[in-house]
Amino acid sequence: MKYALLLIVVVAALYGQTFSFGYVGLDEEELIVQRQGFLRNPANIPVIFTHDVSYPNKTSPYYRPMLTLSFMADAMIGGTSNVVAHLTNVLLHIVAVLLLWRFFIALGIEKSKSFFYSLIFAVHPVFSQAVAWVPGRNDTLLAVFVLSSCIFFLKSLRLRSWKPHAVHFALFALALLTKETAVVVPIIIIGIWLWFSGVPFSWRRFWSYAVPWMILLVIWYAVRAHALSSIPGKSLSAMLSQILGYAPQVVVYLGKIILPFQLSVMPSAGDSVIWFGLGALIILCALVYISRKYLRSSQVFFGACWFLSFLVPSLISYDDPSRVVFFEHRLYLPLIGVLLIFALLPGRVWKIGAPILVGFAVLAFFHVRTFRSEISFWEQAVSSSPSMARARNSLGVAYANAGRLGDAFQEYQTAYRMTPDDYLINTSLGNAYRLRREPALAEEHLKKAISINPARAPAHHYLGFLYATQKRFSEAEQEWFLALQYNSQYAPPHEALAVYYAQVGRFEESIVHIRAIMELGAPVLPELMNILQTHQQP
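Heads up: these notes are all about the structure in this document. Bear in mind the structure is a predicted one, so any value in this text is a computation, not a measurement.

## Thoughts on the overall build of the chain
Stage number 1. Helix and strand counts for the chain stand at 28 helices and 0 strands.
Stage number 2. A globule of 538 residues ought to have a C-alpha radius of gyration of about 24 Å, and the chain, at 25 Å, matches this closely.
Stage number 3. For the chain, the spread of C-alpha atoms along the three principal axes comes to 80 × 50 × 45 Å.
Stage number 4. Every one of the 538 residues in the chain was classed for burial, and the buried ones make up 54%.
Stage number 5. The contacts of the chain with a sequence gap of at least 6 include a subset with a gap of at least 24, amounting to 70%.
Stage number 6. Counting every atom, the chain has about 23400 Å² of accessible surface; 64% of that belongs to carbon and sulfur.
Stage number 7. Taking the average location of the 42 positive side-chain charges in the chain and that of its 30 negative ones, the two points are 17 Å from each other.

## Concerning the pattern of salt bridges
Stage number 1. Scanning all chains against the criterion turns up 17 salt bridges.
Stage number 2. In this structure, the salt-bridge partner of Lys448 is Asp421, at a minimum N-O distance of 3.5 Å. With Lys448 in helix H23 (residues 439-452) and Asp421 in the loop between helix H21 (405-418) and helix H22 (423-435), this residue pair connects regions lying 27 residues apart in the sequence.
Stage number 3. On the basis of relative accessibility, which here comes to 23%, the residue Lys448 falls in the partly exposed class.
Stage number 4. Given the relative accessible area of 54%, Asp421 is considered exposed.
Stage number 5. Three or more residues joined by partner-sharing salt bridges are found here, namely Glu443, Lys447, Arg472 and Glu475.

## Let's talk about the packing of aromatic side chains
Stage number 1. Tallied over the full model, the rule gives 37 aromatic pairs.
Stage number 2. Look at Phe38 and Tyr55: their rings are 5.9 Å apart centre to centre, the planes differ by 80°, and that puts the pair in the edge-to-face class. With Phe38 in helix H3 (residues 36-39) and Tyr55 in the loop between helix H4 (45-48) and helix H5 (65-78), this residue pair connects regions lying 17 residues apart in the sequence.
Stage number 3. Owing to a relative accessible area of 7%, Phe38 belongs among the buried residues under this scheme.

## Looking at the nonpolar core
Stage number 1. Of all hydrophobic cores here, the largest spans 147 residues; its most connected members are Phe103, Phe104, Phe121, Met266 and Trp306.
Stage number 2. Those residues in contact with Phe121 that sit more than four places away from it in its chain are His93, Ala96, Val97, Leu100, Phe127, Tyr332, Leu335, Ile336 and Leu339.
Stage number 3. In this structure, Tyr23, Leu39, Phe71 and Ala85 belong to the second largest nonpolar core, which totals 13 residues.

## A word on the packing of helix H6 (residues 82-106) against helix H9 (residues 137-159)
Stage number 1. Where H6 meets H9, the axes come as close as 9 Å, and the angle between the chain directions of the two elements is 30°. The angle between H6 and H9 places the two elements in the roughly parallel class. As for how H6 packs across H9, the hand of that crossing is left-handed. On H9, the residues touching Ala85, Thr88, Asn89, Leu92, His93, Val95, Ala96, Leu99, Leu100, Arg102, Phe103 and Ala106 of H6 are Arg137, Thr140, Leu141, Val144, Leu147, Ser148, Cys150, Ile151, Leu154 and Arg158.

## Quick word on the environment of Ser322
Stage number 1. Position of Ser322 relative to the elements: it lies in the loop between helix H16 (297-311) and helix H17 (335-344).
Stage number 2. In sequence terms Ser322 and Ser268 are 54 residues apart; their C-alpha atoms lie 9.0 Å from each other.

## A short note on helix H25 (residues 473-486)
The α-helix advances 3.6 residues per turn, and as a result positions three or four apart in sequence lie on the same side.
Stage number 1. For H25, which comprises 14 residues, the first-to-last C-alpha distance of 20 Å matches the rise-based estimate of 20 Å (1.5 Å per residue) to within 8%.
Stage number 2. Burial in H25 covers these residues: Ala476, Glu477, Glu479, Trp480, Ala483 and Leu484. One side of H25 holds all its buried residues, which, seen down the axis, span an arc of 165°. Residues of H25 that are exposed and angled more than 90 degrees away from the buried face: Ser474, Gln478 and Gln485.
Stage number 3. Against H23, helix H24 (457-469), helix H26 (491-503) and helix H27 (507-519) lie the buried residues of H25.

## Here we look at the packing of helix H1 (residues 2-15) against H6
Stage number 1. Contact geometry of H1 with H6 gives a least axis separation of 10 Å together with a crossing angle of 145°. Classified by chirality, the crossing of H6 by H1 is right-handed. Between H1 and H6, the contacting residues are Tyr3, Ala4, Leu7, Ile8, Val11 and Tyr15 on the first element and Val90, His93, Ile94, Val97, Leu98 and Trp101 on the second.
Stage number 2. Looking at the contact of H1 with H6 residue by residue, the class counts come to 11 nonpolar, 1 polar and no charged.

## Quick notes on a nonpolar patch on the surface
Stage number 1. A surface patch of nonpolar side chains, about 870 Å² in accessible area, is lined by Leu194, Phe201, Trp203, Trp207, Val211, Met214, Ile215, Ile219 and Val223.
Stage number 2. In terms of residues, the nonpolar patch owes the most to one element, helix H12 (residues 203-227), which gives 7 residues.

## Brief notes about helix H18 (residues 350-368)
Stage number 1. Given a rise of 1.5 Å per residue, 19 residues ought to cover 27 Å, and the 25 Å separating the end C-alpha atoms of H18 matches this to within 8%.
Stage number 2. Taken together, the buried positions of H18 are Gly353, Leu357, Phe360, Ala364, His367 and Val368. Considered in projection along H18, the buried side chains sweep an arc of 100° and stay on one side of the axis. Structural note: H18 exposes Lys351, Pro355, Val358 and Phe366 on the side pointing more than 90 degrees away from its buried face.
Stage number 3. Where H18 is buried, its residues touch H1, helix H7 (111-123), helix H8 (128-132), helix H14 (248-258) and helix H19 (374-384).

Criteria and cut-off values
- The numbering scheme is per chain: residues are counted from 1 as the chain's sequence reads.
- Side-chain atom pairs in this predicted model are given and counted only at pLDDT of 80 or more, local residue features only at pLDDT of at least 70, and totals for whole chains, interfaces and linings cover all residues.
- Heavy atoms throughout the structure, all of them, feed into the side-chain values; hydrogens and water do not.
- Under the DSSP-based scheme used, a helix requires at least four consecutive residues in state H or I and a strand at least two consecutive residues in state E, with every element numbered from the N terminus.
- This radius of gyration counts C-alpha atoms alone. The globule rule is 2.2 Å times how many residues there are, raised to the power 0.38.
- Note on exposure labels: buried denotes an accessible area under 20% of the residue type's maximum, exposed denotes more than 50%, and partly exposed covers the range between, all computed with a 1.4 Å probe on protein chains only.
- Every residue pair with non-hydrogen atoms within 4.5 Å of one another is taken to be in contact.
- Areas reported here follow the Shrake-Rupley algorithm with a probe of radius 1.4 Å; residue values treat only the protein chains shown as occluding.
- For the charge count, each Lys or Arg is scored as positive and each Asp or Glu as negative, with His and the chain ends excluded.
- Positions of charges follow a simple convention, taking NZ of Lys, CZ of Arg, CG of Asp or CD of Glu.
- By salt bridge we mean one thing: a side-chain nitrogen of Lys or Arg within 4 Å of a carboxyl oxygen of Asp or Glu.
- Under the pairing criterion, centres of Phe, Tyr and Trp rings, with the six-membered ring standing for Trp, must be within 6.5 Å; the plane angle then separates stacked pairs below 30 degrees from edge-to-face pairs above 60, leaving the rest tilted.
- The definition of a nonpolar core used throughout is a set of buried Ala, Val, Leu, Ile, Met, Phe, Trp, Tyr and Cys residues joined through side-chain atoms within 4.5 Å.
- Axes here mean lines fitted to C-alpha atoms, for a helix over just the part in contact, with angles spanning 0 to 180 degrees between N-to-C directions.
- Under this scheme an angle from 65 to 115 degrees is roughly perpendicular, one under 35 degrees roughly parallel, and one over 145 degrees roughly antiparallel; angles in between are oblique.
- In this scheme the crossing of two helices becomes right-handed for a clockwise turn of the near helix relative to the far one and left-handed for an anticlockwise turn of less than a right angle.
- Expected span, for any helix, means 1.5 Å times one less than how many residues it has.
- Note that the arc is computed from the directions linking the helix axis to the C-beta atoms.
- Side-chain classes are defined by residue name, with Ala, Val, Leu, Ile, Met, Phe, Trp, Tyr, Cys and Pro counting as nonpolar, Asp, Glu, Lys and Arg as charged, and the others, Gly among them, as polar.
- Surface patches are drawn from residues lacking salt bridges whose relative accessible area is over 30%; two like charges belong together within 9 Å, two nonpolar side chains (Val, Leu, Ile, Met, Phe, Trp, Tyr) within 5 Å.

Read these as layout, nothing more, since geometry by itself doesn't imply function.
Here's what the structure looks like:
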């Protein structure tokens, strides 16, 4: 109990600072803020299992029901409260740390080593994004379900009891509903059985696990295919091509585990340095070679397979090549394989490892602070990935939200020079020109953004505002309705239409949009609330 309590205290001490953090402007708007009306309604729980992760806000190629369910829990408890969202992330990290400790003990790692490497896992700076960035919890959720599934598998194998057997399958199903990477869990489980369980392999018992695994995989695949049926997929050859093309990033990721000195909130391939990764690989191989007489090669092989099996699928991206990011939170589950290899090495860890543990904790404490605000987050993104136009554009948005319109405009211009055909950058630059009262350039860039991605709701919304200032009201109304057509959860067009209809005396139509804003859980302007109270039917 004292070990568990100490792990909890360490995580709370390190990440308690996140309770005062805001959102950083990376996916939270689309996944959380704009979907408050949807997330607060318990009747929508079945819906999340039949749609993609961004529904009904937009379309996404990712199927993540458990992530959306966690956002629902946050919304029902605290609405858009940053404190509740960050508290959930910290609690999930605590659960994952405790499960890793129990998992290592179940694998036969001595208790002192299990505790030490659980502490390393708890404070590793590369996990700052998984804990401090709210949507980063998806990988924490995956780790929770995978680790607990493995623990219950070992219990069912050793105790020959149907209860842990059933719990194992239930947790595997939840892992599948969290992230597609979970499809490799059965392979990992077989490795645990062969090399760590101490239970002889039996084909009869194997099929008692394999048949339910296959049934769950088939059901999951069918449900996922239905949920993503309207979204273009990626061919197997395209996936393999991406994995091969981005293979050097595996070495970069390894460097961030062992030598975490080049951390970035938005790592790009062009700005990543492979030398730390090569140094880390040499260190790891040297330690394994020196200790080879005391190691079982099969167990070391298993640790490497764990690392690669959970990491390599994350190299597949649906983004444009100029926007591909190798997020560090994706190391959350793969890193366990590397920690396992270190835990298998002979010798006492505390004498040498204590300074490393303290160093990691200090690095993590300061890196976590990068996530305290939009500006601090995106300034670090630009500093660590200067060639990424996406980061420049988002820094501009952060500056604009803080009222620093001149700084924002400079970032948009820089981003545009780097990637002139990006729809987000053109949207931002077009809106900036609108605010600068340069209507011709504003219209040019907003229309360009729409031509690149017609389903981009903000571009239609800003173009509607531009037309309204030019008294082209019918065109403005059309653009606002197009924005809502592409994103029904986007409150600003509702607000614009409510104001416009009120100004022209069409109060019934204005009230429709005021009520839509309220249903979305978005704030309503005081003047619109007055209209609602004055003109709504008794």
